[in-house]
Structures are given as structure tokens and as C-alpha cells.
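# Coordinate inspection notes
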Amino acid sequence: MWRLTEEERKIFRKIIPTDFPTDQTRIYFDETTTNVSSIDELINRDGISSSEVEAIYKALPSDTEFYKFVGSLKPQKFPQPELTEEQKEAKREYKERIERLRNQQANMEYNNMIRSIDQTRSNSLLQNFGQEMREVSRQMVAIINTLITVGGSFAFGFWGVQFAYPHLGLDIAERMLLGLVCATIVFFADLYFIVKSMSNDEIEEKNKAKKKKWVESTSISLQKKCQ
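Residues numbered from 1 in each chain as written. Predicted model: local features only at pLDDT ≥ 70, side-chain atom pairs only at ≥ 80, totals over all residues. Heavy atoms only, no water.

One UniProt comment on the protein chain, placed under Subcellular location (unreviewed entry), says "Endoplasmic reticulum membrane". (UniProt positions renumbered as here; feature names shortened; annotations may be inferred.)

Moving on: the UniProt feature "coiled-coil region" (unreviewed entry) in the protein chain. According to UniProt, the feature "coiled-coil region" (unreviewed entry) maps to residues 84-111 in the numbering used here. Its end C-alpha atoms 41 Å apart, residues 84-111 is made of 96% helix and 0% strand. (Helix = DSSP H or I, 4+ residues; strand = E, 2+ residues; numbered from the N terminus.)

Our next topic: the packing of aromatic side chains. In the structure shown here, the tally under the stated rule is 6 aromatic pairs. Ring geometry for Phe12 against Phe69: centres 5.1 Å apart, planes inclined by 65°, an arrangement best described as edge-to-face. Taken as a pair, Phe12 in helix α1 (residues 6-15) and Phe69 in helix α4 (residues 66-72) lie far apart in primary sequence, 57 residues in all. Like Phe69, Phe12 is buried. An angle of 50° between the planes, with centres 5.5 Å apart, marks the rings of Phe66 and Phe69 as tilted. Linking Phe66 with Phe69, this pair stays in helix α4, spanning 3 residues, or about one helical turn. (Phe/Tyr/Trp six-rings, centres within 6.5 Å; stacked < 30°, edge-to-face > 60°. Buried < 20%, exposed > 50% of the residue type's maximum accessible area, 1.4 Å probe, protein only.)

The next thing to look at is the pattern of salt bridges. Tallied over the full model, the rule gives 4 salt bridges. As a salt-bridge pair, Lys68 and Glu65 come within 2.8 Å of each other at their nearest N and O atoms. (Salt bridge = Lys/Arg side-chain N within 4 Å of Asp/Glu carboxyl O.)

The subject of this paragraph is the environment of Met176. The residue Met176 is located in helix α7 (residues 172-226) in this model. Judged by relative accessible area, which is 35%, Met176 ranks as partly exposed. Those residues in contact with Met176, other than ones at most four positions away along the chain, are Phe154 and Phe158. (Contact = heavy atoms within 4.5 Å.)

Turning our attention to the side chain of Asp190. Inspection of the secondary structure assignment puts Asp190 in helix α7. Although Asp190 lies buried, it forms no salt bridge, and the closest oppositely charged side chain, Lys196, sits 13 Å away as judged by the N-O distance. Those residues in contact with Asp190 that lie beyond four places of it in its chain are Thr146 and Thr149. (Lys, Arg positive; Asp, Glu negative; His and termini not counted.)

Have a look at this one:
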């Protein structure tokens, strides 16, 4: 379907001979006489089909510069139907899924390109081996340090007070209680610093993950621009 405006009508009138009766020339679309229109009726519409253009061309004189009129025609745009909320949501989910698949494909291609350079990427078991070993080593050091400090605190309360103040004459039960109190205080102090260190590590890991994600997204965008 082609759009007809006043501009196209002016071009049509210029190419038509002045003595040609466009208002009386009838266009027959089938063998019956019911579907009949004049050239003026067709041209004065808002749109015209390809078959109607062809019928007008056949009805005009052969020396008419009809190509000028055909060249001025533009496709008619029909209004798009209004989408419902469900259709909009489905369209949005479809776009997000396509974008996610594109990112996954880009990541796979990127990993394949650098696999020959970074051999650790070819084996998933070795990717975080060093980091995991350092984490285990640090945890073991923290546990051993806690045991030593708690044991030393208990020894201080059990034997140290007896050696420092022998005139107090504390019995074994009192010395045991004093040692447990000292060990408990030191244990909770160590526990506080361990928890604080773990929270700091989690924050640092989150920052590293965000930075890594930003770097990957930047590399993907650069790859798309290069493509």
C-alpha cells in the first residue's frame, strides 16, 4: 500500500495531458462492472495499492511520464497496536535473555582467545588453588594463635598468680577459676578480632568481585565496538 498526499497528486496532475479526462476514465478491476472507479477517485484517496497503480498506468496514454509519479510514492505506515502490560513484560524479558546470551557468548569467545596465554583458565581446578591455600593457611594460623593465647592466659591465671603472690594461699579450685576467667576473656577478645578480620575480607572480596565484573563488562563492550 502506497501513501497519497497532495504532493503526489500535484506530480500526477503535471504528467497527465490536459485534455485527458481523468474524471471520466474508468478503471475495471475484474470482469464485472460492480468494482469500478475513476482515476480521480483513486488519486484522491489517502492510499493506493500496487494493482491500482498498474491499472492507472494501463489506462493512461503510452507517452505519459508515469515513472515520475511512481517514483514519488512512499509506503504507507500503519499505526502499531498498543501492547498490553503482559506483552511489554514478555518483550522486556526476551530482550534481557538475548542480552544475557550475547554476554555469555562473548565471555566464551574471550576465554577461548586468552586460553593459550593463561593456562590456568584451561583447568578450572587450578584457577583458585593458590588463593584457597592462602586462605586455609591463614585460618590455621588464626586457630593456632588463638589456642596459644588462650592456653597462655589460662597458665597465667593458674600458675602466674601463685608465683607472683604466694602469700595469697589460693587453692587449686580458685586457681582453676582464675585461669578460666583469664582464658575466657582472651578467647572472646581473639574471637572479636577474628570476626572483624573475616568481615573485612568479605568486603574486600565483594570489591574485587565488583571490579572483576566491571572489567569483564568493559572488555565485552570493547569487543562489541570492535566487531
